[in-house]
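# Descriptive analysis of the structure
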Amino acid sequence: MNVEITGTYLNGFPKEYKDKKTGELVQGDFIVQIQQQKKLPNGAIQMEYYDIPIDKEEAKFYHSKKVGDSVKVLCNVYGENFAQIKIGKAK
């Protein structure tokens, strides 16, 4: 299920992996880190932090963002339990 998560931009970086056979570094997805406020039933505010993978083609949009900018990130939510939400690339 694709959803759009809105939050405060914290960081963006390319994820790198090491190829086990060749030992070379391979660039993977671009990761967007955002912060989101969640209001609890008792009136307190809890801060949620998400690392959201996006396609390399969409990464250019986030290179110009600064810390504190409001952003909307399209992603795929594939699981949620009481403590954590699992987020993947939009399909």
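As a reminder, the structure under discussion sits directly above these lines.
Counting starts from 1 at the beginning of each chain's written sequence and moves along it residue by residue. Since the coordinates come from a predicted model, pLDDT governs what is reported: local features require at least 70, and pairs of side-chain atoms require 80 or more to be given and counted, while whole-chain, interface and lining totals use all residues. Note that the side-chain values use all heavy atoms of the structure and ignore hydrogens as well as water.

Elements are defined by DSSP. Helices are runs of H or I of four residues or more, strands are runs of E of two residues or more, and each kind is numbered from the N terminus. Counting secondary structure elements, the chain contains one helix and five strands. In sequence order, the secondary structure elements of the chain are arranged as β-β-β-α-β-β. Within the chain, the proportion of its 91 residues that are buried is 25%. What makes two residues a contact is simply this: any of their non-hydrogen atoms within 4.5 Å. Across the chain, every contact between residues at least 6 apart in sequence was considered, and the portion connecting residues at least 24 apart equals 46%. Approximately 6700 Å² of the chain is accessible, and the part contributed by carbon and sulfur atoms is 50%. Burial here depends on accessible area, computed with a 1.4 Å probe over protein chains only, as a share of the maximum for the residue type. Under 20% is buried, over 50% is exposed, and the range in between is partly exposed. Note on areas: Shrake-Rupley, 1.4 Å probe, and residue coverage restricted to the protein chains presented here.

To continue, consider the environment of Q27. Among the secondary structure elements, Q27 is positioned in strand β2 (residues 25-39). Here Q27 falls in the partly exposed class, since its relative accessible area comes to 45%. Sequence separation between Q27 and K56 is 29 residues, and the spatial gap between their C-alpha atoms is 9.5 Å.

Further remarks concern the packing of aromatic side chains. Two aromatic rings, drawn from Phe, Tyr or Trp (for Trp, its six-membered ring), form a pair once their centres lie within 6.5 Å of each other, and the interplanar angle then sorts them: stacked below 30 degrees, edge-to-face above 60, tilted otherwise. As enumerated under the stated definition, the model contains one aromatic pair in all. An angle of 85 degrees between the planes, with centres 4.9 Å apart, marks the rings of F61 and Y62 as edge-to-face.

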